[in-house]
Amino acid sequence: PGRAYIGRMPVGIVTGASRGLGLALSRSLAERGWRLIVDARGAAELERAAGELQRLGDVIAVPGDVGDDWHRKSLVDAAGPDIDLVVNNASILGPSPQPRLADYPQAELERVYRVNVFAPLALSQLAMPRLRPGEIPGIRADLAEWTRVTGLKLVDTVEVAPGEFEFTIGKP
């Protein structure tokens, strides 16, 4: 059964929301009445994106690096006591072209892992006590729109625990 949002907007955190997939998903959620906390490393680019998103709904922009503990805490605090969705979209590529592993600068590899692996886990752990249980109404519609916008497709949905779903997204 779906969850009703009587008297309140659903709340989501979207990292890496200043462009690309993060911006497209944020735009779609804002159009559907979500209150969003969005972030990106580039303050100017985030401010531009947030300006667009704020015309659609309630959006709070928090510039910073998800690799920083204090920044992840500020995202969760800005969301408030109840969170319905966390989208860990922020990432970094590292050196380009990618060097051989033997030649990969260790400090850069640690930075890539900090942002792409450890930060999403840490943000999710911070948000978990505030995540509301249950199915989000319209999430399939939101995913359908998201896949239409991005050109990706929903490959699989698995209920990993009662009311907790894991989505697999892939290229068509």
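As a convention, each chain's residues are numbered from 1 in the sequence order in which they are written. Two thresholds apply to this predicted model, a pLDDT of at least 70 for residue-level local features and 80 or more for giving and counting side-chain atom pairs, whereas whole-chain, interface and lining totals are computed over all residues. Side-chain calculation: all heavy atoms of the structure are included, whereas hydrogens and water are not.

Student: What's the story with the overall build of the protein in this structure? I'm lost.
Tutor: Where helices and strands are cited, they refer to DSSP runs of H or I of at least four residues and of E of at least two residues respectively, numbered from the N terminus. Helices and strands together make up the secondary structure of the protein, namely five helices and six strands. The secondary structure elements of the protein, listed N-terminal to C-terminal, are β-α-β-α-β-α-β-α-α-β-β. Looking at the protein as a whole, 37% of its 172 residues are labelled buried. For the protein, restricting intrachain contacts to residue pairs at least 6 apart in sequence, the fraction spanning at least 24 positions comes to 59%. Method for areas: the Shrake-Rupley scheme with a 1.4 Å probe, in which residue coverage is limited to the protein chains shown. Accessible surface, the protein as shown: approximately 9600 Å² in total, 56% of it carbon and sulfur. The classification of residues rests on relative accessible area computed with a 1.4 Å probe and restricted to protein chains. Under 20% of the type maximum is buried, over 50% is exposed, and intermediate values are partly exposed. By definition, residues are in contact when any of their heavy atoms lie within 4.5 Å.

Student: So what exactly am I meant to see when it comes to the pattern of salt bridges here?
Tutor: Two side chains of opposite charge can pair, provided their charged atoms sit close to one another. By definition, a salt bridge exists where a carboxyl oxygen of Asp or Glu is found within 4 Å of a side-chain nitrogen of Lys or Arg. Evaluated as defined, the whole model comprises eight salt bridges. As a salt-bridge pair, Asp58 and Arg35 come within 3.4 Å of each other at their nearest N and O atoms. One end of the pair, Asp58, is in the loop between helix H2 (43-54) and strand E3 (59-61); the other, Arg35, is in strand E2 (residues 35-38), and 23 residues separate them in sequence. Accessibility expressed as a relative area gives 31% for Asp58, which makes it partly exposed. A salt bridge links Asp103 to Arg100; the nearest nitrogen and oxygen atoms lie 3.0 Å apart. For Asp103, a relative accessible area of 48% corresponds to the partly exposed category. A relative accessible area of 59% places Arg100 in the exposed class. Several salt bridges converge on common partners, so that one network encompasses Lys73, Asp77 and Arg130.

Student: Got a minute to help me understand the packing of helix H3 (residues 69-79) against helix H4 (residues 106-127) in this structure?
Tutor: The packing of two helices is summarised by the inter-axis angle and the distance between the axes. Angular values range over 0 to 180 degrees, each being the angle between N-to-C directions of two axes fitted as lines to C-alpha atoms, with helices fitted over their stretch in contact. At a minimum axis distance of 10 Å, the contact between H3 and H4 shows a crossing angle of 35°. For the pair H3 and H4, the sense of crossing is right-handed. Seen from H3, the contacting residues are Arg72, Lys73, Leu75 and Val76; seen from H4, they are Ala119, Ala122, Leu123, Leu126 and Ala127. In this classification, Asp, Glu, Lys and Arg are treated as charged, Ala, Val, Leu, Ile, Met, Phe, Trp, Tyr, Cys and Pro as nonpolar, and every other residue, Gly included, as polar. In the contact of H3 with H4, the residues fall into seven nonpolar, no polar and two charged. It is the rotation of the near helix from the far one that decides the hand of a crossing: anticlockwise by less than a right angle makes it left-handed, clockwise makes it right-handed.

Student: It is not clear to me how the environment of Ser26 should be interpreted in this structure. Could you clarify?
Tutor: One can find Ser26 in helix H1 (residues 20-31). When its relative accessible area of 0% is taken as the criterion, Ser26 is described as buried. Counting along the chain gives 24 residues from Ser26 to Ala50, while the straight-line C-alpha distance between them is 9.5 Å. Those residues in contact with Ser26 that lie beyond four places of it in its chain are Val14, Ala17, Leu36, Val38 and Leu53.

Student: Looking at this structure, I do not really get the layout of surface pockets. What am I missing?
Tutor: In this model, the second largest pocket occupies a volume close to 290 Å³. Of the grid points, spaced at 1 Å and generated over the protein atoms alone, those admitting a 1.4 Å probe that cannot get out make up cavities, while open sets with protein on both sides within 12 Å along at least five of seven lines make up pockets; any residue with an atom within 4 Å of a point is treated as lining. Surrounding the second largest pocket, 17 residues form its lining, Gly16, Ser18, Arg19, Arg41 and Ser91 being those nearest its centre. The biggest single contributor to the lining of the second largest pocket is H1, with three residues. A class-by-class count of the residues in the lining of the second largest pocket yields four nonpolar, eight polar and five charged. Grid points are joined across faces, edges and corners, and a volume is the space filled by probe spheres set on the points.

Student: Even after reading the chapter, I still don't get the nonpolar core, so can you show me in this structure?
Tutor: When a protein is soluble and globular, its nonpolar side chains tend to lie buried together. Core analysis: the biggest nonpolar cluster contains 17 residues, and Ile13, Ile37, Val66, Leu75, Val76, Ala79 and Ile83 have the highest contact counts within it. Secondary structure elements with two or more residues in this core: strand E1 (11-14), H3 and H4. Ranked by the residues each element gives to this core, the list is headed by H4, at five residues. As used in this record, nonpolar core signifies buried Ala, Val, Leu, Ile, Met, Phe, Trp, Tyr and Cys residues forming a set joined through side-chain atoms within 4.5 Å. Membership of the second largest hydrophobic core comes to 16 residues, among which are Leu23, Trp34, Leu36 and Leu46.

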